[in-house]
Amino acid sequence: MRIGHGYDVHRLVPGRRLVLCGVEIPCELGLEGHSDADVAVHALMDALLGAAGLGDIGRHFPDTDERYRGISSLRLLDRVTELLDARGLRLGNCDITIVAQAPKLYRYMDEMRRSLAARLGCDPGRVNVKATTEEHLGQVSTLGIAAHAVALLEEAVPRIKNL
Ligand code: MG
C-alpha cells in the first residue's frame, strides 16, 4: 500500500462559479484559478500523485498551459487516474476535508462523494468528503477555501523486485 497527502487553497472572488468535488454550489463568490479551481479535487489529485510518487499537479498540469484554462478539474482527475492505472495502482480509499467558513456545505457532502466515486470508478464507500469551518479563527477560510486530502493506493499487481 502507498499513502499520499494533498493540500490546496484558492481565493474566493466575485464572478466565478464555485465548484467543489465536481459539484456546483450556489454562491455569490467562486474560486479563482486557471482551471475551474476545484480546490477539493486539486488536493485529491495531489494526494493520489503523492501516493504514486509522481510529483504534483503543478508538474502535470502547469497553470501556464492554455489547454487547462477553465477546464473541469474532473477531467484532470481522469488523467491522474490513467497514470495510476498505467502503473498498476488502484484506490484503496481517500478522505477529503474542505475548510470553508462559508457557504455551508453539509447538504452537498453526499453529492460530492458520489461525484468523485463515479469519476474514480469506485464504490462510494472508498471516498469520504468532510467539511469544516475554522470558527472564524483562520484567515484562509475567510478569504478562500482550502482542502486537505489523503489517499491510500494499492498495488493491483505486486511488483517483482529488480524487474
Ligand atoms: Mg489548485
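Our structure's up above, just so we're on the same page.
Residues numbered from 1 in each chain as written. Predicted model: local features only at pLDDT ≥ 70, side-chain atom pairs only at ≥ 80, totals over all residues. Heavy atoms only, no water.

## Observations concerning the overall build of the protein chain
- Counting secondary structure elements, the protein chain contains five helices and seven strands.
- N-terminal to C-terminal, the α/β element order of the protein chain is β-β-β-β-α-α-α-β-α-β-α-β.
- For a compact globule of 163 residues, the expected C-alpha radius of gyration is about 15 Å, and the protein chain comes in at 16 Å, within 12% of that figure.
- Projecting the C-alpha coordinates of the protein chain onto the three principal axes gives extents of approximately 55 × 35 × 25 Å.
- Taking the intrachain contacts of the protein chain between residues at least 6 apart in sequence as the baseline, contacts between residues at least 24 apart amount to 72%.
- Summed over all atoms, the accessible surface of the protein chain reaches about 8,800 Å², with 50% contributed by carbon and sulfur. (Helix = DSSP H or I, 4+ residues; strand = E, 2+ residues; numbered from the N terminus. Rg over C-alpha atoms; globule rule 2.2 N^0.38 Å. Contact = heavy atoms within 4.5 Å. Areas by Shrake-Rupley, 256 points an atom, 1.4 Å probe, with all protein chains shown as cover.)

## A look at the packing of helix H1 (residues 39–52) against helix H3 (residues 73–86)
- It is at 10 Å that the axes of H1 and H3 come closest, and there the two elements cross at 10°. With respect to each other, H1 and H3 are oriented roughly parallel. Contacts between H1 and H3 involve Val41, His42, Leu44, Met45, Leu48, Leu49 and Ala52 from the former and Ser73, Leu74, Leu76, Leu77, Val80, Leu83 and Leu84 from the latter.
- The residue inventory of the contact of H1 with H3, partitioned by class, reads 12 nonpolar, two polar and no charged. (Axes fitted to C-alpha atoms, helices over the stretch in contact; angles between N-to-C directions. Parallel < 35°, antiparallel > 145°, perpendicular 65-115°, else oblique. Nonpolar A, V, L, I, M, F, W, Y, C, P; charged D, E, K, R; others polar.)

## Notes on the coordination of the magnesium ion
- In the first shell of the magnesium ion, the protein supplies Asp8 (OD), His10 (NE2) and His42 (ND1), at 2.0 to 2.3 Å from the metal.
- Sequence positions of the donors to the magnesium ion reduce to the motif D-x1-H-x31-H. Here His42 lies in helix H1 and His10 lies in strand S1 (residues 2–14), a separation of 32 residues in the sequence. (Donors = N, O, S within 2.8 Å, 3.2 Å for Na, K, Ca; no water.)

## Digging into the packing of aromatic side chains
- Applying the stated criterion to the full structure yields one aromatic pair.
- We note Arg107 situated over the ring of Tyr106; from NZ or CZ to the ring centre the distance is 5.9 Å. (Phe/Tyr/Trp six-rings, centres within 6.5 Å; stacked < 30°, edge-to-face > 60°. Lys NZ or Arg CZ within 6 Å of the ring centre and 35° of its normal.)

## What to know about the side chain of Asp8
- Inspection of the secondary structure puts Asp8 in strand S1.
- No salt bridge is formed by the buried Asp8. Its closest oppositely charged neighbour is Arg16, at 11 Å.
- Here His10 takes part through its side chain, which lies 3.1 Å from a polar atom of the side chain of Asp8.
- Ignoring sequence-local partners within four residues, the contact set of Asp8 consists of Val39, His42, Ala43, Ile145, Ala146 and Ala147. (Buried < 20%, exposed > 50% of the residue type's maximum accessible area, 1.4 Å probe, protein only. Lys, Arg positive; Asp, Glu negative; His and termini not counted. Salt bridge = Lys/Arg side-chain N within 4 Å of Asp/Glu carboxyl O. Polar contact = N/O pair within 3.5 Å; in protein donor to acceptor, adjacent residues only side chain to side chain.)

## Let's talk about the side chain of Gln101
- Along the chain, Gln101 falls in the loop between strand S5 (89–99) and helix H4 (109–120).
- A relative accessible area of 13% places Gln101 in the buried class.
- For Gln101, the side chain forms a polar contact with the main-chain nitrogen of Glu134, separated by 3.4 Å.
- From its side chain, Gln101 meets the backbone nitrogen of His136 in a polar contact 3.1 Å long.
- With near-sequence residues (within four places) excluded, Gln101 lies in contact with Thr133, Glu134, Glu135, His136, Ser141 and Thr142.

## Some words on the pairing of S5
- Counting buried positions over the 11 residues of S5 gives eight, a clear majority of the element.
- Relative to strand S7 (residues 144–155), S5 runs antiparallel, the two sharing 10 bridges. Looking at the pairing, Leu91 lines up with Leu153 of S7. (Pairing = 2+ DSSP bridges.)

## A closer look at the state of the cysteines
- If you walk through the whole model with that rule in mind, you get zero disulfides.
- Considering cysteine sulfurs only, Cys21 is the nearest to Cys27, which forms no disulfide, with 15 Å between them. (Disulfide = S-S within 2.5 Å.)

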